[in-house]
Amino acid sequence: MADITGDQRIQSEVLEGLATAVNHRRWFVELALPYLGDNPIEIGSGLGDYAIEWAEHLPRFTATEADPDRLVQLKERMANHPNIDVRQMLLPATDASGEYSAAVSYNVLEHIEDHVGALRSMAELVRPGGRIILIVPAFMFAMSQVDIATGHIRRYTKKSMRAAMTEAGLKIEKLHYANALGLIGYYGATSIFKLAPKEGPMVKVYDSLVLPVTKFAEQIVKPPFGQSVFVVARTPA
């Protein structure tokens, strides 16, 4: 198995800061919901914020984490959610069972050197014809010291994501950018002002004022750029 990349302390600080962006999380929860099926697995659940919201709509859900310290926190937090199983997992997985309806992973693939191998490993976790649902950060020009400190190896475009999915033998069903204004804000904060997206007024203003406008606009017209790439792909039947 590959090493866990990035400073785990900084990763945890960023996760805790983003956990306060409630509107942002709910938007991204909604993007994946139609494709999860009845028994999905999440790769890289972090603090479990997405897992808890997805599991409210599903009979079963499996949350995973690679970092041992966050795994302990994740198990403690999920103790009161009986329909959520928790397991340790690092891609590429060696014990793929093919039992899940889908594999969902948000902001994880950019940490993995062999991302095509990771995609193939995710495909082996799901049933034939099951779905792989990802969000990854977009555009290499936005690669900042925050990205590097948190272990990002790359950022994606629609073209590079399509190429990785095709090489992994997956068929893309949906592929688009998300959160156009978020990319502008992220680049300004991290590359110009050298700030990290931690809990504070900046995140709260973005989440309460900017995000709702962005979400509404992108429901009408998909933007030509964004802070993230959203993709849904299907495994071979």
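Residues numbered from 1 in each chain as written. Predicted model: local features only at pLDDT ≥ 70, side-chain atom pairs only at ≥ 80, totals over all residues. Heavy atoms only, no water.

In the annotation of an unreviewed UniProt entry, the chain is listed under the name Class I SAM-dependent methyltransferase and assigned to Paractinoplanes rhizophilus.

Chemist: Is there a simple way to explain the environment of Tyr206 in this structure?
Modeler: Here Tyr206 is to be found in helix H9 (residues 201–220). Each C-alpha atom, one on Tyr206 and one on Gly182, is 8.2 Å from the other, the two residues being 24 residues apart in sequence. Discounting residues that sit within four places of it in the chain, Tyr206 has contacts with His24, Asn179, Gly182, Leu211 and Gln227. (Helix = DSSP H or I, 4+ residues; strand = E, 2+ residues; numbered from the N terminus. Contact = heavy atoms within 4.5 Å.)

Chemist: Explain the pattern of salt bridges to me, please; I cannot follow it from the model alone.
Modeler: It is possible for side chains of opposite charge to pair when their charged atoms get near one another. For the structure shown, the criterion picks out 9 salt bridges. The partner of Glu65 in a salt bridge is Arg70, with the nearest N and O atoms 3.5 Å apart. For the pair formed by Glu65 and Arg70, the shared burial category is buried. A salt bridge links Glu173 to Arg234; the nearest nitrogen and oxygen atoms lie 2.7 Å apart. (Salt bridge = Lys/Arg side-chain N within 4 Å of Asp/Glu carboxyl O. Buried < 20%, exposed > 50% of the residue type's maximum accessible area, 1.4 Å probe, protein only.)

Chemist: Can you walk me through the nonpolar core in this structure?
Modeler: What tends to happen in soluble globular proteins is that the nonpolar side chains get buried as a cluster. Leu119, Leu134, Met161 and Met165 are the most contacted members of the largest nonpolar core, which totals 35 residues. Those elements that provide at least two residues to this core are strand E4 (100–106), helix H5 (115–125), strand E5 (126–137), helix H7 (158–167), strand E6 (171–178) and strand E7 (228–234). Ranked by the residues each element gives to this core, the list is headed by H5, at 6 residues. Setting aside anything within four residues of it in sequence, one finds Met165 in contact with Leu119, Ile132, Leu134, Leu170, Ile172, Val231 and Ala233. Leu31, Tyr35, Ala102 and Phe230 belong to the second-largest nonpolar core, a separate cluster that totals 28 residues. (Core = buried A, V, L, I, M, F, W, Y, C linked by side-chain atoms within 4.5 Å.)

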